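# What the coordinates show
Each chain, letter by letter, is given below.
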Amino acid sequence: MRTTLRTKTAMAGLALSALTLLGAGSLPVQAAERPTQDAPLSAQAEAKAVRAQVTVAADHIGAGAAIAKAISDLATDDRGEFVKEAVNKAFEHAGRRYNVVIMNLSQGYENRLTGVKLYATVKWARVYYGLWVAEAGQFTNTGDGGYINWGYRGWFERHGTTLTFRQP
């Protein structure tokens, strides 16, 4: 049995080597060796994780540095996951007392937030987001929805893509 397994493994290795030499660049990624689910991230996978650059433009609650650090420390290659986590980090570091919106600035939006306590620009990969921490007001996404383009947390009612925030 061991001999058969070794032979099959050696044959598979030879076949992959031959395909590589013959220019089998069109093989699906699944043909490559996959790590097991419990395996730690490889150096290559870790290199793909993107870190954000955060520039705080206005900070009236003294939480800008903590929010910027928390968001900058996020490392992921999943844009939707990044947006969700960035909103959560901002909400937590703002003391869970304010509403938070993050929006892809290349998408259309209408901002009628009031009592803005913090505004920051967040660059993740090649995407620029605006991050608002505010007391109340309305925010409407007139562009593409989904977590890759916007996220929010706080006390609100949602009607379509319009959020109406209130104070806690």
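Read on for an overview of the structure. The structure presented is a predicted model; accordingly, all values stated were derived computationally and were not measured.

Definitions and limits used
Residues numbered from 1 in each chain as written. Predicted model: local features only at pLDDT ≥ 70, side-chain atom pairs only at ≥ 80, totals over all residues. Heavy atoms only, no water. Helix = DSSP H or I, 4+ residues; strand = E, 2+ residues; numbered from the N terminus. Pairing = 2+ DSSP bridges. Phe/Tyr/Trp six-rings, centres within 6.5 Å; stacked < 30°, edge-to-face > 60°. Buried < 20%, exposed > 50% of the residue type's maximum accessible area, 1.4 Å probe, protein only.

### Examining unusual backbone geometry
The phi dihedral of Arg-96 falls on the positive side, at around 55°, and the residue is not glycine. Among the secondary structure elements, Arg-96 is positioned in the loop between helix H4 (79-93) and strand S2 (99-104). Residues other than glycine seldom take positive phi values, yet Ala-125 does so here, at roughly 55°. Here Ala-125 is to be found in the loop between strand S3 (109-124) and strand S4 (127-141).

### Quick look at the pairing of S3
Judged from the six bridges that link them, strand S1 (residues 53-59) and S3 form a sheet pairing that is antiparallel. Pairing of Asp-59 across the sheet is with Leu-118, part of S3. Pairing of S3 with S4 involves 14 bridges; the strand directions are antiparallel. Bridge pairing in S4 places Thr-114 opposite Ala-136.

### Observations regarding the packing of aromatic side chains
For the structure shown, the criterion picks out 10 aromatic pairs. With centroids separated by 5.2 Å and ring planes inclined at 55°, the aromatic side chains of Tyr-119 and Trp-132 adopt a geometry described as tilted. With Tyr-119 in strand S3 and Trp-132 in strand S4, this residue pair connects regions lying 13 residues apart in the sequence. Judged on exposure class, the residue Tyr-119 and its partner Trp-132 are both buried.

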